[in-house]
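Below are the chains, spelled out letter by letter.
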Amino acid sequence: MSANDTNLSDYKFDVMVATTQKSINANLKRYMRTIKAEPKYICFVFSVEVGHPVIKPLDDIIAESGINPFELPEGIEFGDSRVQALLGVKFVGGLQMIPGLPDMEAGDIPDIIEIFVDNSATVSCNLLFSEFKVVEIVTGAYIEDSFNINYQEKNQAWRLLTTVNLETMNLDPALNTIYFNNRPAQKNAILEKINQLEEGTFSLEQLYLDLTNAKYQKIEGIEGVSEMMEIYIEKYAQPHYDKILKDNGEPVISLSAADNRHNSSLKLTGVQRTGLKYVDESTHLPVVHPTPAQKALSTFNYMCVTGDHQLPAPATLDWNWINEEEAVQDNGVIAVSRDTITTFYKGLILPLASSSMIAPSVDVKCGFFAIGDVTFKWKLASNQKPTEILTPKTGEDLLIVKYRGKDSDEMKVHISMFPYTVNYGQLTINSDYECRLSVNGNTVTVTQNITMYVSVQHMDAVGKGKVINKTITEKHELYVDHSGQIKVKHKSTTKNEPDDINFDEAWYTFGNVSDLVHDIEREAEKLVDTHLKQIPTKTFESFVFPGADVFTYKDVKFSNHQDLVSKINYQTTSAVQDFESEGMTSEENSQVSCSCGRTNSNIAALVE
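Residue numbers restart at each chain and count upward from 1, following the sequence in its written direction. Local features in this predicted model are restricted to residues whose pLDDT is 70 or higher, and side-chain atom pairs enter the listing and the counts only when it is 80 or higher, whereas totals over whole chains, interfaces and linings include all residues. Excluding hydrogens and water, the side-chain figures rest on all heavy atoms present in the structure.

Draft legend 1. The overall build of the protein, seen in detail. Put simply, DSSP H or I for four residues or longer makes a helix, DSSP E for two residues or longer makes a strand, and each gets a number counted from the N terminus. In terms of regular secondary structure, the protein is built from eleven helices and 24 strands. Burial here depends on accessible area, computed with a 1.4 Å probe over protein chains only, as a share of the maximum for the residue type. Under 20% is buried, over 50% is exposed, and the range in between is partly exposed. Counting across all 608 residues of the protein, residues that qualify as buried make up 53%. The contact criterion used is simple: two residues touch if any of their non-hydrogen atoms lie within 4.5 Å. Taking contacts inside the protein between residues at least 6 apart in sequence as the whole, the part at least 24 apart equals 74%.

Draft legend 2. Just the packing of aromatic side chains, in detail. Think of it this way: a Phe, Tyr or Trp ring, Trp meaning its six-membered ring, pairs with another when their centres are within 6.5 Å, and the plane angle makes it stacked under 30 degrees, edge-to-face over 60, tilted otherwise. Enumeration over the complete set of coordinates arrives at 13 aromatic pairs. Judged by centre distance (3.9 Å) and plane angle (15°), the rings of phenylalanine 44 and tyrosine 232 are stacked. Of the two residues, phenylalanine 44 is situated in strand S2 (residues 40–47) and tyrosine 232 in helix H6 (residues 227–248); the sequence distance between them amounts to 188 residues. By the burial criterion, phenylalanine 44 is buried, and tyrosine 232 matches it. Consider the rings of phenylalanine 344 and tyrosine 345, whose centres lie 5.6 Å apart with planes at 85°: the pair is edge-to-face. Considered together, phenylalanine 344 and tyrosine 345 belong to a single accessibility category, that of buried residues. Here the aromatic residues Phe129, Phe132, Trp158 and Tyr241 are joined through ring pairs into a cluster of three or more.

Draft legend 3. Structural context of the pattern of salt bridges. We count a salt bridge whenever a side-chain nitrogen from Lys or Arg sits within 4 Å of a carboxyl oxygen from Asp or Glu. This structure, assessed with the given rule, holds 15 salt bridges. For glutamate 220, the salt bridge goes to arginine 159, with nearest N and O atoms at 3.3 Å. Pair noted here: glutamate 220 is in strand S9 (residues 202–220) and arginine 159 is in strand S8 (residues 159–171), with a separation of 61 residues, a long-range link. Judged by its relative accessible area of 19%, arginine 159 falls in the buried class. The salt bridge partner of lysine 246 is glutamate 250, with a shortest N-O separation of 3.9 Å. Owing to a relative accessible area of 34%, lysine 246 belongs among the partly exposed residues under this scheme. One continuous salt-bridge network, built from bridges that share partners, spans Arg159, Lys218 and Glu220.

Draft legend 4. The nonpolar core, seen in detail. Throughout this description, the term nonpolar core refers to a set of buried Ala, Val, Leu, Ile, Met, Phe, Trp, Tyr and Cys residues connected via side-chain atoms within 4.5 Å. Counting 103 residues, the largest nonpolar core has Leu175 and Ile233 as the members making the most contacts within it. Formed by 19 residues, the second largest nonpolar core is a distinct cluster that contains Leu8, Tyr11, Trp319 and Val565.

Draft legend 5. Seen up close, unusual backbone geometry. With a phi angle near 70°, lysine 12 is a residue other than glycine that sits in the positive phi range. One can find lysine 12 in the segment before strand S1 (15–20). You will see that histidine 284, though not glycine, has its phi angle at about 65°, which is positive. Along the chain, histidine 284 turns up in the loop between strand S11 (268–276) and helix H7 (292–296).

Draft legend 6. View of the environment of asparagine 569. Among the secondary structure elements, asparagine 569 is positioned in strand S24 (residues 564–570). With relative accessibility at 0%, the residue asparagine 569 sits in the buried group. Between the C-alpha atom of asparagine 569 and that of asparagine 331, which follows or precedes it by 238 residues, the distance is 5.0 Å.

Draft legend 7. Local environment of the confidence of the model for the protein. The predictor attaches a confidence to each residue, and that confidence, scored 0 to 100, is pLDDT. In the predicted model, the protein carries a mean pLDDT of 80, and 80% of its residues have values of at least 70. Low pLDDT, under 50, characterises residues 527–544; the predicted model gives this stretch 82 contacts beyond four residues in sequence or across chains. This stretch, residues 573–577, has a pLDDT under 50; its non-local contacts, to residues over four places away or in other chains, come to 13 contacts.

Draft legend 8. Structural detail: the environment of glycine 275. The residue glycine 275 is located in strand S11 in this model. Considering only alpha carbons, one finds glycine 275 and valine 123, 152 residues apart in sequence, at a separation of 9.1 Å.

Draft legend 9. Quick peek at a nonpolar patch on the surface. A grouping of Ile371, Met417 and Phe418 is seen on the molecular surface, where their side chains present a nonpolar patch of about 330 Å² in accessible area. Relative to the assigned elements, methionine 417 resides in the loop between strand S17 (397–415) and strand S18 (418–440). Overall, methionine 417 belongs to the exposed group, its relative accessible area being 64%. Patch construction takes residues with relative accessible area above 30% that form no salt bridge. Like charges are linked within 9 Å, and nonpolar side chains (Val, Leu, Ile, Met, Phe, Trp, Tyr) are linked within 5 Å. Where accessible areas are quoted, they stem from the Shrake-Rupley method and a 1.4 Å probe; at the residue level, only the protein chains shown are allowed to cover.

Draft legend 10. Spatial organisation of the sheet that holds strand S21 (residues 486–496). Strand pairing requires that DSSP identify at least two bridges connecting the strands. Pairing is antiparallel in the open sheet, where six strands are placed in the order S16-S17-S18-S19-S20-S21. Every other strand in the sheet has two partners, leaving strand S16 (388–390) and S21 as the edge strands with one partner each. Neighbour-to-neighbour, the strand axes of the sheet open up by a mean angle of 10°, direction not taken into account. Here eleven bridges tie strand S20 (residues 461–480) to S21, and the two strands are oriented antiparallel to one another. Its bridge partner lying in S21, lysine 470 is registered against asparagine 496. Each axis is a line fitted through C-alpha atoms, and for a helix only the stretch in contact is used; angles between axes span 0 to 180 degrees, taken between their N-to-C directions. In the packing of helix H8 (residues 338–353) onto the sheet, the strands contacted are S16, S17, S18 and strand S19 (443–458), and the crossing angle to S17 comes to about 30°.

Draft legend 11. Representation of the pairing of strand S4 (residues 91–99). Judged by how many residues are buried, S4 sits mostly within the fold: nine of nine residues are covered. Relative to S4, S2 runs antiparallel, the two being bridged by six bridges. When the sheet's bridge partners are listed, isoleucine 42 is paired in S4 with leucine 95.

Draft legend 12. Molecular detail of helix H1 (residues 21–34). With 14 residues, H1 ought to run about 20 Å at 1.5 Å a step, and its terminal C-alpha atoms sit 20 Å apart, in line with that. Most of H1 is tucked away, with twelve of its 14 residues classed as buried. One fewer than the residue count of a helix, multiplied by 1.5 Å, yields its expected span.

Draft legend 13. Seen up close, the side chain of glutamate 136. As for its placement among the helices and strands, glutamate 136 is situated in strand S6 (residues 122–138). At 2.6 Å, the side chain of glutamate 136 and the side chain of serine 226 are in polar contact. If we skip the residues at most four places from it in the chain, glutamate 136 touches Val92, Gly93, Ser146, Phe147, Asn148, Gly224, Val225, Ser226 and Met229. Think of a polar contact as two N or O atoms within 3.5 Å of one another; within protein, one of them needs to be a possible hydrogen donor and the other a possible acceptor, and neighboring residues in sequence only count if both atoms come from side chains.

Structure (structure tokens):
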């Protein structure tokens, strides 16, 4: 199962943005490569007073011993005078560390986070370092005294495995934060989006990694370090890491804007975050032992509601947004539910369609004196209310709007001078209208049909049939243009297939039937193409910015359950873009289908 199987309406969500674990890690690695951090030295000396090692500044150790323990060469003998000098000041060991990315190929750097399926508020997090060195003096009754030096070499990655909470903070709409102030291009790209929103009607919220209360799990990649030094790493490395991230501005997992007005619109008013591990195609359960490729396709999901809808209870989805058989270069998926699409188009269609809902009224009068004295009167009133609105929950039809109007009258009187002769007239007008909205593949089809059935009898002459049988079929083909915008190609066809009826018979001169026919025809001509110029994604893309980057669309289409789904690629403003799999950058990913890399300020659907 894949994004083709998405069925958000069953889960009561309106919009969803899924970000792959691969793309989140790529964004975090770009962040880690750009942070500013000086080497941190933490040294320990044995304290006679307290009976255990305590922290002592490196400068004090150098001042007292004349030796910098971190500058000693590998393989130095324990009896070396420099080691003995450190012993003289009761030096036990020390840590030298710089948070950042290890010196290795981009594709070999371990992932920074791993998504938990059962807890959207917590992720597994690897704390990586660009440099890490441990020096210690090892002595004991049953071991050889030594001065041990261990450090992270090229193509190695020492890391602290922790579980980290994802926390949120409210942001100033001006994005005046350390993170964004240090990244002006990214800041300007987001501001360009949120400046389109009405001032005072929305609030900004940032999702970030909170290392303050991170829970240490274990150390990986480190060998040859004593248990005591591992304890010191566990105790002191994480707080320093937290400080460095705060100094650089915590990495942004997502930035979202929520509409504060809570009116019945398609503005996002609530966001729920869930993790989704890669799902087994046969069991629809998370894969127990996923491959690296399957891990990369796990997703962090932003499940959204619109207008006055309430957030439903957390739910676990049973499909993969991107499966292994599909191109793995996409950063994620955006989906809009069937019900939301239906609501959106319903609001557009009903005001336009009402002009084609025509209520007929008729009146027939017969005179008493002259033969054939029959008068036909009628009125055709448009802008009626639908008699039936259907919103099927399955199948390609999303919306069916129907209207039926009918009126009939007849009169028969005996002529006063010819008592055995009667004047007789009968008039019936039926007006039927139907508008059907359906979706398939990447096409939205709106089909409108209006029929006018007339039955007239004047004396012995009769005429009846459809004087109007007009159908307008509009096809709106969704596609992604070269700049990653969703657009619409509009094609409309019209046909009128009335019955072949001749009302101009001998009784014509006695009535106004010809005028009746022409009036009906004129009313039917008011049925015009709806030219739907918007699709639901216009609003949504301005409200969720996974990784604090704007994105472009790719391969827009409807799922098997008629959710609107599109792959998305982030248009990162970072100068460093080398953490996507198989050596492709985010910009290049977009070029696979979109030919160029930058999105315009407003991703709207336009009619060409």
